[in-house]
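Spelled out from the first residue to the last, the chains are:
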Amino acid sequence: IAQAVAAAASADVTVVVTANAWGDVTQQRLVAALLAAGRPVVVTAVGGPYDIAYFPQADTYVCAYGYQPASIAALADVLTGRARATGRLPVTIDGLFPYGSGLSESR
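Residues numbered from 1 in each chain as written. Predicted model: local features only at pLDDT ≥ 70, side-chain atom pairs only at ≥ 80, totals over all residues. Heavy atoms only, no water.

Peer 1: Please explain the layout of surface pockets as it appears in this structure.
Peer 2: Unfilled space is identified by rolling a water-sized probe across the atoms. Taken as a whole, the largest pocket holds about 820 Å³ of empty space. What lines the largest pocket is a set of 32 residues, and nearest its centre among them are Tyr61, Val62, Cys63, Ala85 and Leu103. Where the lining of the largest pocket is concerned, the elements lending two or more residues are strand E3 (60-63), helix H3 (69-79), strand E4 (86-88) and strand E5 (102-104). For the lining of the largest pocket, the element with the most residues is H3, which contributes five residues. Split into classes, the residues belonging to the lining of the largest pocket amount to 21 nonpolar, seven polar and four charged. (1 Å grid on protein atoms, 1.4 Å probe; cavity = no way out; pocket = protein on both sides within 12 Å on 5 of 7 lines; lining within 4 Å. Points joined across faces, edges and corners; volume = space filled by probe spheres on them. Helix = DSSP H or I, 4+ residues; strand = E, 2+ residues; numbered from the N terminus. Nonpolar A, V, L, I, M, F, W, Y, C, P; charged D, E, K, R; others polar.)

Given below as structure tokens:
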């Protein structure tokens, strides 16, 4: 974790990928440390959208809903600006986002 935070200190932005972080304290600690470092962080979940409940302080959160190659390619396209980020939550994230929350990015 310390090594990741040190590397993030010199980056313009850090992208951290989580997978079911709700059940993994190490992932939770990693993301918390990166967010606390005060540098831009994009938290990306490659499973369900529930990880955001453990990182409500994240300014940018993207959920790919899977780690299959097509999902990762689509995530990369969004993160690099080659594709627009759109979507609506198919669930409620208690205390944070109601069912149907999401965005429709315009250019």
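Peer 1: What should I look at first to understand the pairing of strand E1 (residues 14-18) in this one?
Peer 2: Consecutive side chains of a regular strand alternate in pointing toward one face of the sheet and then the other. Only one face of E1 is covered, namely the one carrying Thr14, Val16 and Thr18; the face carrying Val15 and Val17 has none of its residues buried. Of the pairings in the sheet, the one linking E1 to strand E2 (residues 41-45) comprises five bridges and is parallel in character. The residue bridging Val15 from the neighbouring strand is Val42, located in E2. The β-α-β motif built from E1, the intervening helix H2 (residues 25-36) and the parallel element E2 has right-handed crossover chirality. (Buried < 20%, exposed > 50% of the residue type's maximum accessible area, 1.4 Å probe, protein only. Pairing = 2+ DSSP bridges. Right-handed = clockwise from strand over helix to strand, strands pointing away.)

Peer 1: Which parts of the structure should I look at to understand the sheet that holds E2?
Peer 2: Two modes of strand pairing occur in sheets, parallel and antiparallel, and in both the strands are linked by backbone hydrogen bonds. One open sheet accounts for three strands, arranged E1-E2-E3; its pairing is parallel. Across the chains shown, the open sheet's two edge strands, defined by having one partner strand only, are E1 and E3. Looking at each pair of strands side by side, their axes are set apart by 20° on average, direction ignored. Across the sheet, H2 lies against E1 and E2, angled at about 160° from E1, the strand it touches most. (Axes fitted to C-alpha atoms, helices over the stretch in contact; angles between N-to-C directions. Contact = heavy atoms within 4.5 Å.)

Peer 1: Where do I start with the environment of Ala74 in this structure?
Peer 2: With respect to the secondary-structure elements, Ala74 resides in helix H3. For the pair Ala74 and Ser101, spaced 27 residues apart in sequence, the C-alpha to C-alpha distance is 20 Å.

Peer 1: Hey, could you run me through the pairing of E2 in this one?
Peer 2: Of all five residues in E2, five are buried, a share of seventy percent or more. Side chains Val41, Val43 and Ala45 project from E2 onto one buried face, and the interleaved Val42 and Thr44 project onto a second face that is buried too. Note: E2 against E3, four bridges, orientation parallel. Its bridge partner lying in E3, Ala45 is registered against Cys63.

Peer 1: Would you take a moment to explain the environment of Phe55 for this structure?
Peer 2: By secondary structure assignment, the location of Phe55 is in the loop between E2 and E3. Among the residues examined, Phe55 registers a relative accessible area of 0% and is labelled buried. Setting aside anything within four residues of it in sequence, one finds Phe55 in contact with Thr18, Ala21, Gln27, Gln28, Val31, Leu35 and Val43.

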